[in-house]
Amino acid sequence: MQRNDLRNIAIIAHVDHGKTTLVDAMLKQSGVFRSNEQVVERVMDSNELERERGITILAKNTAIMYGGVKINIVDTPGHADFGGEVERVLNMVDCVLLLVDAFEGPMPQTKYVLRKALEQNLRAIVVINKIDRPDQRVADVLDEVLELFIELEADDKQLDFPVVYATARDGIAKLSMDDDSEDLKPLFDLLLSAVPAPQGDIDGPLQIMVTTLDWDDYVGRVAIGRVMRGRVQSGQSVTIMNGETETRAKLSRLYVYEGLKRSEVKEAALGDIVAVTGLDAVNIGDTIADPENPEALPTIKVDEPTLAMIFSVNTSPFAGKEGQYVTSRHLRDRLFREVETNVSLRVAETGSPDSFEVSGRGELHLSILIETMRREGYEFQVGKPRVIFKTINGQKCEPLERLTVDVPQEYMGTVMEALGTRRAELINMVELAGYLRLEFVIPARGLIGFRSEFLTNTKGYGIMHHIFHGYAPYKGDISGRTRGALVAFETGETTTYGIHSVQDRGTMFVVPGQAIYEGMVVGENAREMDMEVNPCKKKHVTNMRSSSADEALRLTSPRILSLEQALEWINDDEVVEVTPKSIRLRKATLDRQLRARERKNAKEAQEGE
């Protein structure tokens, strides 16, 4: 049977190509909002971090009505680090809207998300967005999109894709550049005609594939998925199928999406995207099935993590002063709760009950988790990110990333030199309106700490994106940070005089009046070695008057590191202390005599080899 009153689509694209903005326009023009209702921009980015950073982190569901047909829309993230979100939700839809910027063209993540869609035999509608840009190159971009489809081995049906030209910000869509459309009607009409209607057995035994988990303070765990077969009713008894195990349960409430809200309904059928409550044992990838004829659907496959980090209980002298959740039990419960909804994440116990190994898709993926936890009141410390190696055919292999950088031509030499030391290989170079687009294959290790160096080298004009490329034999050593740390050798409060006496040694990370402790990193040394310093030093009061006594002490501006910069900066013997109020860098071993002994032992062991 075919349900002609329903369409399911996902919007996929590279980061910042306009997915969420297009959903905004579709919601407004379909009458979801009242005419006098005040609506914020990027209304789908409801998460606080999403609004701050201007990126989508979590896939979201919404629905609009057009011409008597309900269109379920899934807005997906554009960053490669959140690719797990994209892979899951593609199971819920029959077609994808592939958005491409009219100037940038297909970017690394465009290729990644399109490959995932084609692997699931989904049809694509190509939307070339931002056609109002003065530097748009629509014809070239369309050719590049076609080449991308051919490169990804799309079949003849997938190659015959419809094209829409849009300015999502203004809510305009056209089927050709010469049309004089002033709204999204051409796009809506195309969705009804080109998107396949859900097909299947509406009277068969129930099957729902769970693709997302949510949490509600009132009703608990909320499972979101698509009805693949049959009908579902609130209060119905079901079987939850997870691999070999089957668990009987009872649905308490059933919801469908209408606009930005979930509406409670008594029944939903084949093709509907639903949210159900009452199933505490359900997980992502499980099948909710008819208890009389339970049949499992294929489980969701997600790419494996490539980066790992140790999360530990905070052991600094300031532990417990700023956080609400500080014990290992708090940390453990929170991390394992995250795994239930974040399919790309892995958490493993370590030899210590106070430490956990957390693996994810990239620095951004892990730093978003850390930032979310600190805002929730958690206090902990994290070690240096490290890549996950694999042994393939008896050979040590490491993850590679495909890196794309857009730089003004005058910075090309600097960027090439910096990437050369990080074992990157140039595979493509294209000139674009004053910019050069360079494509590299680089070990994932080489990207740790590169972003801030890249922005400095290009004076902020460079743009970089990367996606997972695959595993390859180990490429050799990559030199780490070339400068040492300025380490405080006593606990106290920094003074203007103390910082002034130290600042010639390098770049400071602290300001006057800041509480610090022994072993805390207070700056970056101008030389390669670590240096013990005392920024808490006070000026001794004497009855002697010097010639410079009345001169004001001038301090250079400190470098205040963000969370991502702190994670990039640290070495193996350092950790980042994360609390709701502070981000501090410190040595893993705080006592300087112990550190000296560890260095000596490490040196002797190295010489012994």
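Just so we're clear, the structure is a prediction, and the values are computed from it rather than from any experiment.

## Considering the overall build of the protein
Argument step 1. Across its full length, the protein holds 15 helices and 35 strands.
Argument step 2. By the burial criterion, 53% of the 609 residues in the protein qualify as buried.
Argument step 3. Taking the intrachain contacts of the protein between residues at least 6 apart in sequence as the baseline, contacts between residues at least 24 apart amount to 71%.
Argument step 4. Only carbon and sulfur atoms are counted for the fraction: they give 46% of the accessible area of the protein, which is about 28,600 Å².

## Details of the nonpolar core
Argument step 1. By size, the foremost hydrophobic cluster in this structure holds 39 residues, and its most contacted members are Leu90, Val96, Leu98, Ile128 and Phe149.
Argument step 2. Ignoring any residue separated from it by four or fewer positions in sequence, one finds phenylalanine 149 in contact with Leu98, Leu114, Leu118, Ala124, Val126, Ala154, Gln158, Leu159 and Phe161.
Argument step 3. In terms of nonpolar packing, the next biggest core, distinct from the first, is built from 32 residues, Leu369, Tyr378, Leu561 and Ile570 among them.

## Side note on the pattern of salt bridges
Argument step 1. Scanning the model with the defined rule gives 32 salt bridges in all.
Argument step 2. Here glutamate 376 ties to arginine 334 by a salt bridge, and the two come within 2.6 Å at their closest N and O atoms. Separated by 42 residues along the polypeptide, glutamate 376 in the loop between α9 (363-375) and β21 (380-382) and arginine 334 in helix α8 (residues 328-341) bring together distant segments of the chain.
Argument step 3. For lysine 587, the salt bridge is made with aspartate 573, and the minimal N-O distance between the two is 3.0 Å. Remark: aspartate 573 occurs in the loop between α14 (563-569) and β34 (574-578) and lysine 587 occurs in strand β35 (residues 583-587); sequence separation between them is 14 residues.
Argument step 4. Taken together, the salt bridges that share partners define one network made up of Asp101, Lys130, Arg133 and Asp135.

## A look at the packing of aromatic side chains
Argument step 1. What the rule picks out here adds up to eight aromatic pairs.
Argument step 2. Here the aromatic rings of phenylalanine 509 and tryptophan 569 are separated by 5.3 Å at their centres, their planes lie at 85°, and the arrangement is edge-to-face. Taken as a pair, phenylalanine 509 in the loop between β30 (506-508) and β31 (515-516) and tryptophan 569 in helix α14 lie far apart in primary sequence, 60 residues in all. Taken as a pair, phenylalanine 509 and tryptophan 569 share a single burial class, namely buried.
Argument step 3. Of note, lysine 390 hangs over the ring of tyrosine 471, and the distance from its end group to the ring centre comes to 4.7 Å.
Argument step 4. One Lys or Arg, arginine 592, reaches over the ring of phenylalanine 489 and ends 4.8 Å from the middle of that ring.

## With respect to the packing of helix α4 (residues 108-119) against helix α5 (residues 138-151)
Argument step 1. Interhelical geometry of α4 versus α5 gives an angle of 50° and a closest axis separation of 10 Å. By the angle between their directions, the pair α4 and α5 is classed as oblique. The way α4 lies across α5 gives a crossing that is right-handed. Taken together, the residues of α5 that come into contact with α4 (itself represented by Thr110, Lys111, Leu114 and Leu118) are Leu148, Phe149 and Glu151.
Argument step 2. Classifying every residue of the contact of α4 with α5 gives four nonpolar, one polar and two charged.

## Concerning the UniProt feature "binding site: GTP" (unreviewed entry) in the protein
Argument step 1. Cross-referencing UniProt, the feature "binding site: GTP" (unreviewed entry) maps to Asp16, His17, Gly18, Lys19, Thr20, Thr21, Asn129, Lys130, Ile131 and Asp132 in the present numbering.
Argument step 2. Residue position: asparagine 129 is located in strand β5 (residues 123-129).
Argument step 3. By relative accessible area, which is 3% here, asparagine 129 ends up buried.
Argument step 4. Within the secondary structure, lysine 130 sits in the loop between β5 and α5.
Argument step 5. Its relative accessible area of 24% is what places lysine 130 among the partly exposed residues.

## With respect to α8
Argument step 1. The terminal C-alpha atoms of α8, which comprises 14 residues, lie 21 Å apart, in line with the 20 Å expected from a rise of 1.5 Å per residue.
Argument step 2. Looking at the buried residues of α8, the elements they touch are β18 (307-313), β19 (346-349), β20 (355-360), α9 and β21.

## Digging into the confidence of the model for the protein
Argument step 1. The pLDDT averaged across the protein works out to 83; a share of 89% of its residues lies at or above 70.
Argument step 2. Ranking the elements of the protein by mean pLDDT puts helix α2 (residues 48-53) last, at 44, and β21 first, at 95.
Argument step 3. Counting interchain partners and residues more than four positions distant, the pLDDT-below-50 stretch residues 49-59 has 50 contacts.

## Things to note about a nonpolar patch on the surface
Argument step 1. A cluster of nonpolar side chains, Met416, Leu426 and Met429, forms an exposed patch at the surface whose accessible area comes to about 240 Å².
Argument step 2. Secondary-structure assignment places methionine 416 in helix α10 (residues 412-420).

## Details of the side chain of arginine 595
Argument step 1. With respect to the secondary-structure elements, arginine 595 resides in helix α15 (residues 592-608).
Argument step 2. The class of arginine 595 is buried, set by a relative accessible area of 5%.
Argument step 3. A polar atom in the side chain of arginine 595 sits 2.9 Å from the side chain of glutamate 532.
Argument step 4. Those residues in contact with arginine 595 that sit more than four places away from it in its chain are Val487, Gly519, Glu532, Lys587, Thr589 and Leu590.

## Concerning the pairing of β20
Argument step 1. In terms of burial, β20 is largely enclosed, as five of its six residues are buried.
Argument step 2. In this sheet, β20 lies alongside β18 in antiparallel orientation, the contact comprising six bridges. In the sheet register, leucine 307 faces β20, and the bridge partner there is glycine 360.
Argument step 3. Bridge count between β19 and β20: four bridges; the pairing is antiparallel. Across the sheet, residue valine 347 finds its bridge partner in β20, namely valine 358.
Argument step 4. Linkage of β19 to β20, two consecutive antiparallel strands, is achieved through a turn of five residues.

## Things to note about the sheet that holds strand β33 (residues 531-533)
Within a sheet, each strand pairs with its neighbour through backbone hydrogen bonds, oriented either parallel or antiparallel.
Argument step 1. Within the open sheet, the four strands sit side by side as β30-β32-β28-β33. Their pairing is mixed. On the outer flanks of this sheet lie β30 and β33, each paired with one strand and no other. When the angles between neighbouring strand axes are averaged without regard to direction, this sheet yields 35°.
Argument step 2. Of the pairings in the sheet, the one linking strand β28 (residues 485-488) to strand β32 (residues 521-525) comprises three bridges and is antiparallel in character. Its bridge partner lying in β32, alanine 485 is registered against glutamate 524.

Rules and cut-offs
Residues numbered from 1 in each chain as written. Predicted model: local features only at pLDDT ≥ 70, side-chain atom pairs only at ≥ 80, totals over all residues. Heavy atoms only, no water. Helix = DSSP H or I, 4+ residues; strand = E, 2+ residues; numbered from the N terminus. Buried < 20%, exposed > 50% of the residue type's maximum accessible area, 1.4 Å probe, protein only. Contact = heavy atoms within 4.5 Å. Areas by Shrake-Rupley, 256 points an atom, 1.4 Å probe, with all protein chains shown as cover. Core = buried A, V, L, I, M, F, W, Y, C linked by side-chain atoms within 4.5 Å. Salt bridge = Lys/Arg side-chain N within 4 Å of Asp/Glu carboxyl O. Phe/Tyr/Trp six-rings, centres within 6.5 Å; stacked < 30°, edge-to-face > 60°. Lys NZ or Arg CZ within 6 Å of the ring centre and 35° of its normal. Axes fitted to C-alpha atoms, helices over the stretch in contact; angles between N-to-C directions. Parallel < 35°, antiparallel > 145°, perpendicular 65-115°, else oblique. Left-handed = near helix turned anticlockwise from the far one by under 90°. Nonpolar A, V, L, I, M, F, W, Y, C, P; charged D, E, K, R; others polar. UniProt positions renumbered as here; feature names shortened; annotations may be inferred. Expected span 1.5 Å × (residues − 1). pLDDT = per-residue confidence, 0-100. Patch = residues over 30% accessible without salt bridge, like charges linked within 9 Å, V, L, I, M, F, W, Y side chains within 5 Å. Polar contact = N/O pair within 3.5 Å; in protein donor to acceptor, adjacent residues only side chain to side chain. Pairing = 2+ DSSP bridges.

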